[in-house]
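Residues per chain, in single letters:
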Amino acid sequence: MLNKGTIALFDWKAFILIVLIMILGLSTIFSATYTNTPVNATPLYIKQIGWIIIGIFFLLTGMSIDYQTIARYAYHIYAFSFILLLVVLVAGRSGFGAQRWIAIGGFSFQPSELAKIATAFAITRYFSDYPARHGYNVRELVIPGILIAIPVVLVLKQPDLGTGMVITFVSVVLIFLVRIRSRLLGILTLLILMTFPFLWHIFWENLKQYQKTRLLTFINPSADPTGTGYHIIQSKIAIGSGGFFGKGILQSTQSQLNFLPARHTDFIFSVFAEEWGFLGIFVLLILYLLLITWGLDVAIKAKDRLGMLMACSIISYFTFYCVINIGMTLGVFPVVGIPLPLMSYGGTSMITTLFSLGILFNIRKKRFLFY
Amino acid sequence: MEQQDNNRGLQQRIGYLRALFIFLIAVILFKAWHMQIIKGKYYRALAENNRVRSVIISPLRGNIYDRNGEVMAKNVASFNLGLVPADIKDLELTLKRIAPITGISTDDMKEFIEENRNSDPFSPLIIKDGISMKEVALIESWRWFLPGVQVVVEGKREYPNQKSAAHLLGYVGEISKSQLQEPEYASEPPGRIIGQYGIEKVYDELLRGSVGRKNVEVDATGSERRVLSTHEPVSGDNIILSVDMRLQKTAESALGEKNGAVVVMKTETGEILALASNPAFDPNLLSRRLSHKVWQGIVSNPAHPLNNRATQGTYPPGSVFKIVMSAAGLEEGFIDRRDRIQCSGGMPFGNRVFRDWKAEGHGSVDLYKAIVESCDVYYYQLGNRMGVDMIQKYSSMFGLGTLTGIDLPSEKKGLVPSTQWKLAARKEPWYPGETLSVAIGQGYMSVTPLQQALMVNTVANSGILVRPRILKGVISEIYKRTYEFPPVEVRRTGINAESLRLIKEALRGVVYNPGGTGGAARSSLTEIAGKTGTAQVVGRKLQGAGRFNDHAWFAAFAPVDKPEITVAVLVEHGGHGGAAAAPVAKQVIEEYVKNAK
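A brief structural summary. Note that the coordinates shown come from a computational prediction; the quantities given were computed from them, not determined experimentally.

### Remarks on the overall build of chain A
(1) Moving on: Broken down by element type, chain A carries 15 helices and 3 strands.
(2) Moving on: Evaluated residue by residue, chain A yields a buried proportion of 56% over its 371 residues.
(3) Moving on: Of the contacts formed within chain A by residues at least 6 apart in sequence, a portion of 76% connects residues at least 24 apart.
(4) Moving on: Surface exposure of chain A reaches about 15800 Å², of which carbon and sulfur atoms provide 71%.

As structure tokens, then:
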């Protein structure tokens, strides 16, 4: 797997960016779980190191598998993820009011994580197989539309609002990238605007109570300060009180005194912001931005349309996860329960993120190779 | 070539995508800048509010001792279960979890929390007190799952003598919402335990001390992590009462199961040695957080156990009032000790006959015999000559119809009628026949047992009216010394010493003369003087039907030549004073004499 050519073409710059972000994540997990770790238990940051090592293995795997091979099996993967989504709906394990997990052996696995990538690969394959020079028309968009709609509906049904949102966003980006006929764009926009109240109604009616309250408290967090608004309020206090230089590692009162919920997972950014201040946020966001622009650069320079679209979908996922997660901690997005890539504690997220970044490495590597 | 063009367009659009992503990151940075730099101060204050909490440290309440140093009220440590409303994330779940420990249904707890919603959300609301050590351990080990649930250690009030001296001591309780509005409790926080009745209430300011505060760092469950600063509380002062618990218990056991009151005071100083009222309550029970049901049970008890009969019960003074009549008659010259009247068992007046308690009459009666045998006709005649307003003047002189000024709350002043009073209160003129009833202590007249004792005490104390009081001394917590208070003289009645001597001699005769009504008080230990009385409940026809029985009075002092102790006894529905009340007074006086030796 690691032949000479692979090592020579390994993008150390991007890898170092990834490692730096993961180190910041580890230090924040260390701090966030410091007070609550029972004496005998393995600290979570140690476990996370384990996930990182496994994740890097997956990164190298992603890098070694030819993305064109992946594309060849895109529909198979898509079908497999569809089956998993059905399984989770029937026999999944629930957590926090949602049925998102499948237990395999001692591990829990989130099929929606696979579904989002599988969907991206499937529509990428489709757009790459049927290029349309002057953009796509309605009939040509029916199949990708169905490909997107199936997982979105199934994921929303779990319900996993965050993943559903991200799959939709990334799909919209891809459609924008492959171009649709402008007349169609106009018709689609009009259609969406006209049916919006109707769609909103269906959307709202299908939400679980906790999702409705989340959205309502997002609009007005102080309405229920000890209930559902609690997360947002405590997170904003944590971030705001960090100031310019932050309170220092282990010195964050909001986090050390347990005011922040889910602080090593979804709200890890709040802990980081409280301890490292604006200065830390600035550095972290620059690191993320460098990684994102690197990914887009890989896309632009990819040797074929398939590579371009695949790279774009991967990096769009990455970016939307970052933006939505951070936006949620800042109180500009509703709490939808998605992790911050490379920072949040958790195996599934770490492995899928590093695997998909591995594919980026592969796409980049392929542009230097001529078969 | 076509493929190339297509890809170039794609590359261009990826450029747009990059611009979008950079824009999104910039928006995040801008928002973070706004929160951390522009509004950083605001959020830091909120974080401090979250973290730092001002906690009240309750001071120890002062102990209460009797005159011999016996403890009447003290504090013992108690573990209470408190809820901090601000820290509770899920009320329903929390209540469900603690219900097995409190033994109170979640609905009742919810109602209780709802009722107390206005109090400080950061101070614990005590929902159950006196939980066991096992329950404390259980709660502490479940701390993570019970945010906002706290074990609060408090000094709990304990009255080792239980029901004994209950009315005098009173009880303590959590400050009420309306009390919080009163200026005297201005510096007290919600949840404070204050005196609610009796001495506990009257001297609350001395006893309660002042609260301390500490700033503590708390975590999200409201549990204390470390103390940042402390302002120590000041304990309340210990106080010493004039009460002698031995006499108090004697008085209570002498009264037994009968409803009534006993007042025992030092003749010269007015110090209260005992103050009993039956039925009594257990102040230990009332000082706890009572459930509504228990409280209702006490309040709706027809015997009114919370009512202090000694200072709040008003009864016609009966024949004991003849003491005031005799003093007034002598002073104003209406009678002379040698004057005699003929008593044939009644006196016709207007269109009816005012009857003597002794149907066959007392025969020829002078002042001495009138007092000793309690001849009503003698006083009908005297009263008729004096008129009600003169009677009222002398009654007031002896402290009847006015507050005695004892240091207990809600004292009643009773009623001494006058022509003016009747016009104002009843819009009717005074009928001369009514004067005759008043002259033997019936009719509109009503006095408290304490007033009765004070009136007799004034005779025993050479005509000096003193203020009865219970507080003997204060052991100041701040100045580390004991303060004692001198007796307070309210007024000198100025009654002629010879008149007082005549009355005292006759009062001795009540007990020692063969025809006296108070023979039951005769003691071999000391010479007791006293006066019996019967307070009519209803017209005589209904007598014998239990609760319509007359109240029995006996007011006494001893020793006759140099009085030291004054006792007034009232036995509700006890019938004749000489039989029901006099033995009680005798027992108390004998106990006093035994201890004095």
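### Observations concerning unusual backbone geometry
All names here are of chain B.
(1) Moving on: Here Asn 278 and Pro 279 are connected by a cis peptide whose omega angle stands at 5°.
(2) Moving on: When you line up the elements, Pro 279 lands in the loop between β12 (272-278) and α11 (283-286).
(3) Moving on: Here Ala 558 and Pro 559 are connected by a cis peptide whose omega angle stands at -15°.
(4) Moving on: Looking at the secondary structure, you find Pro 559 in the loop between β22 (551-558) and β23 (565-571).

### As for the interface of chain B and chain A
(1) Moving on: Contacts between chain B and chain A engage 40 residues on the former and 52 residues on the latter.
(2) Moving on: Taking both sides of the interface into account, the surface hidden between chain B and chain A amounts to around 4300 Å²; carbon and sulfur atoms contribute 73%.
(3) Moving on: Taken together, chain B and chain A are joined by 0 salt bridges.
(4) Moving on: At the boundary of chain B and chain A, one finds 5 residue pairs in polar contact (both at pLDDT 80 or more).
(5) Moving on: Where the side of chain B that touches chain A is concerned, the elements lending two or more residues are α1 (2-38), α2 (40-51) and β8 (212-218) of chain B.
(6) Moving on: If you tally residues by element for the side of chain B that touches chain A, the top one is α1(B), at 24 residues.
(7) Moving on: In terms of residue class, the side of chain B that touches chain A is made up of 22 nonpolar, 7 polar and 11 charged.

### Remarks on the packing of aromatic side chains
(1) Moving on: Summed over the entire model, instances satisfying the criterion amount to 31 aromatic pairs over all chains.
(2) Moving on: Between A:Phe244 and A:Phe278 the ring centres are 6.2 Å apart and the planes differ by 35°, which places this aromatic pair in the tilted class. Linking A:Phe244 in the loop between α11 (229-241) and α12 (253-256) with A:Phe278 in helix α13 (residues 268-301), this pair joins segments that are 34 residues apart in sequence.
(3) Moving on: Taking relative accessible area as the criterion, A:Phe278 reaches 9% and is therefore assigned buried.
(4) Moving on: One aromatic cluster is present, formed by A:Phe10, A:Trp12, A:Phe15, A:Trp294 and A:Phe361 through successive ring pairs.
(5) Moving on: Of note, A:Lys116 hangs over the ring of A:Tyr317, and the distance from its end group to the ring centre comes to 5.9 Å.
(6) Moving on: Above the face of the B:Phe354 ring, B:Arg352 is positioned so that its terminal group lies 3.9 Å from the ring centre.

### A word on the pattern of salt bridges
(1) Moving on: Following the criterion strictly, the structure yields 32 salt bridges over all chains and no others.
(2) Moving on: A salt bridge links A:Asp297 to A:Lys301; the shortest N-O distance between them is 3.1 Å. With A:Asp297 and A:Lys301 both in helix α13, this residue pair falls 4 residues apart, about one helical turn.
(3) Moving on: The class for A:Asp297 is partly exposed, based on a relative accessible area of 26%.
(4) Moving on: A residue is classified by how much of its surface remains accessible, and A:Lys301, at 42% relative accessible area, is partly exposed.
(5) Moving on: Put simply, B:Lys393 and B:Glu332 hold a salt bridge, and the shortest N to O gap is 3.7 Å. On the criterion of sequence distance, the pair formed by B:Lys393 in helix α17 (residues 388-397) and B:Glu332 in helix α14 (residues 322-332) is long-range, its members being 61 residues apart.

### Concerning the pairing of β22(B)
All names here are of chain B.
(1) Moving on: Burial analysis of β22 places 8 of its 8 residues in the buried class, the great majority of the element.
(2) Moving on: By the alternation rule, side chains of β22 split into His 551, Trp 553, Ala 555 and Phe 557 and Ala 552, Phe 554, Ala 556 and Ala 558, which are all buried.
(3) Moving on: By the bridge criterion, 7 bridges tie strand β21 (residues 529-535) to β22 in an arrangement that is antiparallel. Along β22, the bridge assignment pairs Thr 532 with Phe 554.
(4) Moving on: Judged from the 7 bridges that link them, β22 and β23 form a sheet pairing that is antiparallel. Looking across to β23, one finds that Ala 558 is bridged to Ile 565.
(5) Moving on: Between the end of β22 and the start of β23, which pair antiparallel, lie 6 residues.

Calculation notes
- Residues numbered from 1 in each chain as written.
- Chains lettered and ligands numbered in written order.
- Predicted model: local features only at pLDDT ≥ 70, side-chain atom pairs only at ≥ 80, totals over all residues.
- Heavy atoms only, no water.
- Helix = DSSP H or I, 4+ residues; strand = E, 2+ residues; numbered from the N terminus.
- Buried < 20%, exposed > 50% of the residue type's maximum accessible area, 1.4 Å probe, protein only.
- Contact = heavy atoms within 4.5 Å.
- Areas by Shrake-Rupley, 256 points an atom, 1.4 Å probe, with all protein chains shown as cover.
- Buried area = accessible area lost by both parts, 1.4 Å probe.
- Salt bridge = Lys/Arg side-chain N within 4 Å of Asp/Glu carboxyl O.
- Polar contact = N/O pair within 3.5 Å; in protein donor to acceptor, adjacent residues only side chain to side chain.
- Nonpolar A, V, L, I, M, F, W, Y, C, P; charged D, E, K, R; others polar.
- Phe/Tyr/Trp six-rings, centres within 6.5 Å; stacked < 30°, edge-to-face > 60°.
- Lys NZ or Arg CZ within 6 Å of the ring centre and 35° of its normal.
- Pairing = 2+ DSSP bridges.

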